[in-house]
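The lines below spell out each chain.
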Amino acid sequence: MKKFVLALILAAVGFFLLRDEFPFELPFPDDSSSAVRDPGPRAGAAGAGAPIAGLTATELAFFNVGKEDFEEEEKVDDGLGPTMNLDGCAGCHLHPAVGGTSPAVNPQVAFATLEGATNKVPSFISAKGPVREARFVKNADGTPDGGVHDLFTIAGRKDAPGCVLAQPDFERELARRNVIFRIPTPVFGAGLIEQIPDKAILANQVVDAPRKKELRIQGRANIVLAGHAISGQGNNNGNDGTVARFGWKAQNKSLLLFSGEAYNVEMGITNELFQTERDETPNCQFAMVPNDVTETAAETPAEAISAIEKFAFFARFLAPPAPSPDTPGGADSIARGRKTFVDAGCALCHTPTLNTGDATVAALRNQPANLYSDLLVHDMGPRLADGVSQGQAGPSEFRTAPLWGLGQRLFFLHDGRTSDLREAIRAHRSGSIFTFNASEANRVIRNFNALQDGQKQDVLNFLRSL
């Protein structure tokens, strides 16, 4: 009899915990109301793309030179390829202004056959879908991969005579469920993010510790260690052990590193940070290596700096996006939504403001960065897990995505799987403590689901005002 009673107690406890962790338990509040709708991308002026206020004349000149290079479409004799995802930075970072993220019309479709290239457009790329890069989770022998496998090659292009190079077999890897996707992250306000001191990030980690513990929110900094494998590949570049903060898994420390990687991985252009071609097929090399370097014979500093430095200056001096005070839904709804966002626990990870430190650039010095992110990586459970590790961020861990500028974005989540803000919120909840894969957002999403329809709509209006 005692065993039977004990079993009933354990079953009751188990049911309570299951109800708390699993989204499909009937007693758990859901988010199915048809009365609540994502207002959609905010119309009107972009409110982004301009230089940050307070730059000197010289700094503004570097911003403008950087923007010009950012918008340039690279050619094979510039070093484009042999493999790449696109031929320019702005093609990926275009919406709602240069420096943003995926535009409404995906330029990868037209680029596939530009200049006579013989590429086929992979099935996961579409004209109205997001710009994407593809990563393979595992190698053919089952070992971790995680690296970017470029979509296209320069084979067949008029400016690449004699190059014969096949695209990866994406359809085979898709059938093996071995492909994951990433979409571009905006670089608006990136200079402010770069100048947030590590101590500010780590101090914020313990703010509201009791409530974070109650909601099972942990989060940690992605400290990039020397010799640690990044993207499943050997990466022995020495590092200083400080907090990284750029990229979907906070895998890059600085804008210069972010830029150098993008040039090499996304466009195939080698540079002073990444000097080796990712594909060294002999008949597909048409430029000296590294393809882009500091022009030591240039007459002015702006002409001398390399393309990756220009990219970094543009992003560093790019102003954060300006929120709308009254669109959508009106100022009162937005104000209520902001408060409810905090009360539900969303702001425990999406920290509204972090402050920069004593930056060398006066325009970036001791400034508030209203980014809505703690810049930490959090376990988001199996629904968002991509199976890829970067730095110390594991297969289901992601940096808290900054929400500034969200109001005008067209695609959400790391892979651009949805354009619906409600669906993006739902995707934050998955897993269970019993299977040791609960998303850290589970209890916060429970709080959101328990809100009245009007409160939920206020939150969505607030997010689309950012």
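About the cut-offs
- For every chain, the first residue of its written sequence is number 1, and the numbers climb from 1 along that sequence.
- Whole-chain, interface and lining totals are the exception, using all residues; otherwise, since this is a predicted model, local features are given only for residues with pLDDT of at least 70 and side-chain atom pairs are given and counted only at 80 or more.
- Here the side-chain values reflect all heavy atoms present in the structure, with hydrogen atoms and water set aside.
- We count a salt bridge whenever a side-chain nitrogen from Lys or Arg sits within 4 Å of a carboxyl oxygen from Asp or Glu.
- Where helices and strands are cited, they refer to DSSP runs of H or I of at least four residues and of E of at least two residues respectively, numbered from the N terminus.
- When accessible area is computed with a 1.4 Å probe and restricted to protein chains, residues below 20% of their type maximum are described as buried, those above 50% as exposed, and intermediate ones as partly exposed.
- Two cysteine sulfur atoms form a disulfide, by the criterion used here, when they sit within 2.5 Å.
- To obtain each axis, a line is fitted to C-alpha atoms, and for helices this fit is confined to the stretch in contact; angles are then taken between N-to-C directions over 0 to 180 degrees.
- By convention the crossing between two helices is left-handed if the near helix lies anticlockwise of the far one by an angle smaller than a right angle, and right-handed if it lies clockwise.
- Here a residue-residue contact requires only that any non-hydrogen atoms of the pair lie within 4.5 Å.
- Side-chain classes are defined by residue name, with Ala, Val, Leu, Ile, Met, Phe, Trp, Tyr, Cys and Pro counting as nonpolar, Asp, Glu, Lys and Arg as charged, and the others, Gly among them, as polar.
- Think of a 1 Å grid over the protein atoms and nothing else: a 1.4 Å probe that fits but is trapped marks a cavity, an open set flanked by protein within 12 Å on at least five of seven lines marks a pocket, and residues with an atom within 4 Å of a point count as lining.
- Grid points are joined across faces, edges and corners, and a volume is the space filled by probe spheres set on the points.

Looking now at the pattern of salt bridges. Counting across every chain of the model gives 19 salt bridges. Salt-bridge contacts for Glu 173 lead to Arg 176; the nearest nitrogen and oxygen are separated by 2.8 Å. Across the pair Glu 194 and Arg 316 runs a salt bridge, and its minimum N-O distance is 2.7 Å. Of this pair, Glu 194 sits in helix α6 (residues 190-194) while Arg 316 sits in helix α11 (residues 307-316); the two residues are 122 residues apart in sequence, bridging distant segments of the chain. An identical accessibility class is assigned to Glu 194 and Arg 316; each is buried. Through salt bridges with shared partners, a single ionic network connects Arg 172, Glu 173 and Arg 176.

Let's shift gears to the state of the cysteines. With the rule as written, the count across this model stands at one disulfide. Between Cys 163 and Cys 284 runs a disulfide, and the two sulfur atoms are separated by 2.0 Å. Between Cys 163 and Cys 284 the disulfide shows an S-S torsion of about 90 degrees. By sign, it is right-handed. You can see Cys 163 sitting in the loop between β3 (152-153) and α5 (170-175) and its partner Cys 284 sitting in the loop between α9 (255-266) and α10 (301-304), a full 121 residues away along the chain. Judged by relative accessible area, which is 6%, Cys 163 ranks as buried. Sulfur of Cys 92: no disulfide; nearest cysteine sulfur belongs to Cys 89 and is 7.9 Å away.

Interaxial distance between helix α2 (residues 57-71) and α11 falls to 7 Å at its minimum, and their mutual angle equals 115 degrees. As α2 runs across α11, the sense of the crossing is left-handed. Facing Phe 62, Phe 63, Val 65, Gly 66, Lys 67, Asp 69 and Phe 70 of α2, the residues of α11 in contact are Ala 307, Lys 310, Phe 311, Phe 313 and Phe 314. A breakdown of the residues in the contact of α2 with α11 according to their chemical character gives eight nonpolar, one polar and three charged.

What follows concerns empty space enclosed by the protein. With the rule as written, the count across this model stands at three cavities of 30 Å³ or more. Computed from the structure, the largest cavity encloses a volume of approximately 890 Å³. Lining the largest cavity are 46 residues, with His 350, Thr 400, Ala 401, Leu 403 and His 428 positioned closest to its centre. Looking at the lining of the largest cavity, the elements with two or more residues in it are α6, β8 (397-399), α13 (421-426), α14 (442-449) and α15 (453-465). Grouping the amino acids of the lining of the largest cavity by side-chain chemistry returns 34 nonpolar, nine polar and three charged.

Turning our attention to unusual backbone geometry. The linkage connecting His 95 with the following residue, Pro 96, adopts the cis geometry, with an omega of 0 degrees. Tracing the backbone shows Pro 96 in the loop between α3 (89-92) and α4 (108-111). Across the junction of Val 289 and Pro 290, the peptide omega takes the value -5 degrees, indicating a cis bond. When you line up the elements, Pro 290 lands in the loop between α9 and α10. Within the chain, Tyr 372 stands out as a residue other than glycine whose phi angle is a positive 55 degrees. You can see Tyr 372 is positioned in the loop between β6 (368-369) and β7 (377-379). Backbone geometry at Leu 375 places phi at a positive 60 degrees, although glycine is not the residue there. Leu 375 gets classed as buried once you look at its relative accessible area, which sits at 0%.

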